[in-house]
Amino acid sequence: MEIWTLLLFIPACFALNMAPGPNNLLALNNARRYGFRIALLAGFGRLAAFCVMIALAASGLAVVLYTSEILFLAIKICGALYLLWIAYNLWRSDVSPVSDDVRNLSITGLMKQEFAVAAGNPKAILIFTAFLPQFVDVAKNVTEQFSLLGATFLVLEIVAIAMYAVIGLYLRQWFSKPKLVKRFNRACASFLALSGGNLLLSRQ
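These remarks concern the structure in this document. (Residues numbered from 1 in each chain as written. Predicted model: local features only at pLDDT ≥ 70, side-chain atom pairs only at ≥ 80, totals over all residues. Heavy atoms only, no water.)

1. Considerations on the environment of Leu194
Mapping Leu194 onto the fold places it in helix α9 (residues 178-201). Along the backbone, Leu194 and Pro11 are 183 residues apart, and their C-alpha atoms lie at a distance of 10.0 Å. (Helix = DSSP H or I, 4+ residues; strand = E, 2+ residues; numbered from the N terminus.)

2. Quick look at the packing of aromatic side chains
Within the structure shown, the criterion is met by 4 aromatic pairs. Residues Phe131 and Phe135 carry aromatic rings whose centres are separated by 5.3 Å and whose planes lie at 70 degrees to one another, so their mutual orientation is edge-to-face. Each of the two residues, Phe131 as well as Phe135, counts as buried. Grouped by ring-pair contacts, the aromatic residues Phe9, Phe131 and Phe135 constitute a single cluster. (Phe/Tyr/Trp six-rings, centres within 6.5 Å; stacked < 30°, edge-to-face > 60°. Buried < 20%, exposed > 50% of the residue type's maximum accessible area, 1.4 Å probe, protein only.)

3. Describing the pattern of salt bridges
Using the criterion set out here, one finds 2 salt bridges in the structure. With a shortest N-O distance of 3.0 Å, Glu114 and Arg46 are connected by a salt bridge. You can see Glu114 sitting in helix α6 (residues 107-119) and its partner Arg46 sitting in helix α4 (residues 44-67), a full 68 residues away along the chain. Its relative accessible area of 0% is what places Arg46 among the buried residues. The salt bridge involving Glu157 is made with Arg46; its shortest N-O contact spans 2.6 Å. Note that Glu157 is positioned in helix α8 (residues 142-170) and Arg46 in helix α4, a separation of 111 residues in sequence. Note on accessibility: Glu157 and Arg46 belong to one class, buried. Bridged by salt links that share partners, the residues Arg46, Glu114 and Glu157 form one connected network. (Salt bridge = Lys/Arg side-chain N within 4 Å of Asp/Glu carboxyl O.)

4. Regarding the packing of helix α2 (residues 22-34) against α6
For the pair α2 and α6, the least separation of the axes is 9 Å and the interaxial angle reads 165 degrees. The angle between α2 and α6 places the two elements in the roughly antiparallel class. Along this stretch, α2 crosses α6, giving a crossing that reads as right-handed. Residue-level inspection shows Pro22, Asn23, Leu26, Ala27, Asn30 and Tyr34 of α2 in contact with α6, the latter providing Leu110, Gln113, Glu114, Val117 and Ala118. Of the residues assigned to the contact of α2 with α6, the class counts are 7 nonpolar, 3 polar and 1 charged. (Axes fitted to C-alpha atoms, helices over the stretch in contact; angles between N-to-C directions. Parallel < 35°, antiparallel > 145°, perpendicular 65-115°, else oblique. Left-handed = near helix turned anticlockwise from the far one by under 90°. Contact = heavy atoms within 4.5 Å. Nonpolar A, V, L, I, M, F, W, Y, C, P; charged D, E, K, R; others polar.)

5. Section: the nonpolar core
Within the largest apolar cluster, 32 residues are counted, with the highest numbers of intra-cluster contacts made by Phe9, Phe50, Ile127, Phe128, Phe131 and Leu132. Mapped by element, the contributors of at least two residues to this core are α1 (3-18), α4, α5 (69-92), α7 (122-131) and α8. Residue contributions to this core peak at 7 residues, all from α4. Ignoring anything within four residues of it in the chain, the contact list for Ile127 reads Leu16, Tyr82, Leu132 and Phe153. Among the nonpolar cores identified, the runner-up in size contains 8 residues, and Met18, Leu28, Ile167 and Phe184 belong to it. (Core = buried A, V, L, I, M, F, W, Y, C linked by side-chain atoms within 4.5 Å.)

See the structure below:
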């Protein structure tokens, strides 16, 4: 994989990792309720679900990427529009990412909860079927590229879990202020919109 492709992938991917979706907000609440370590360990439940999705995407889409340029282009466009759609909804959102609905569960229970949320989240499924393939060069080994992109995604996801856990610990009052919540949502939306625009205009 060319280094420029990976350098384009990392910020776009990290914007997705950091978007305040259900798993990240769960990590935030777990940290607020149980502490940083518990929230980080619980996050490995979602990583397990993502590993399964990456494996399925790599095995199922490899044939598609080799045989259908039209379908590959359609996947690329869907992925870019998906990023823009998330950005649009985040920009308009005034919802605070803090919830008081966190149950008293064991670490295993919290990991299962993270796994279930990730596995049942259509946005997570779209990331691996419509987002990752856009950075794959069909002239090279598709499986190896998926493995590298998938591993990079998982590393960035761990960073996102840790950052949301820190937010849950120290910025509880910050998220109680509507104006600051809107700024947070719009910052994430801006990153996603920029990434989606770049991918939509890319000639790869």
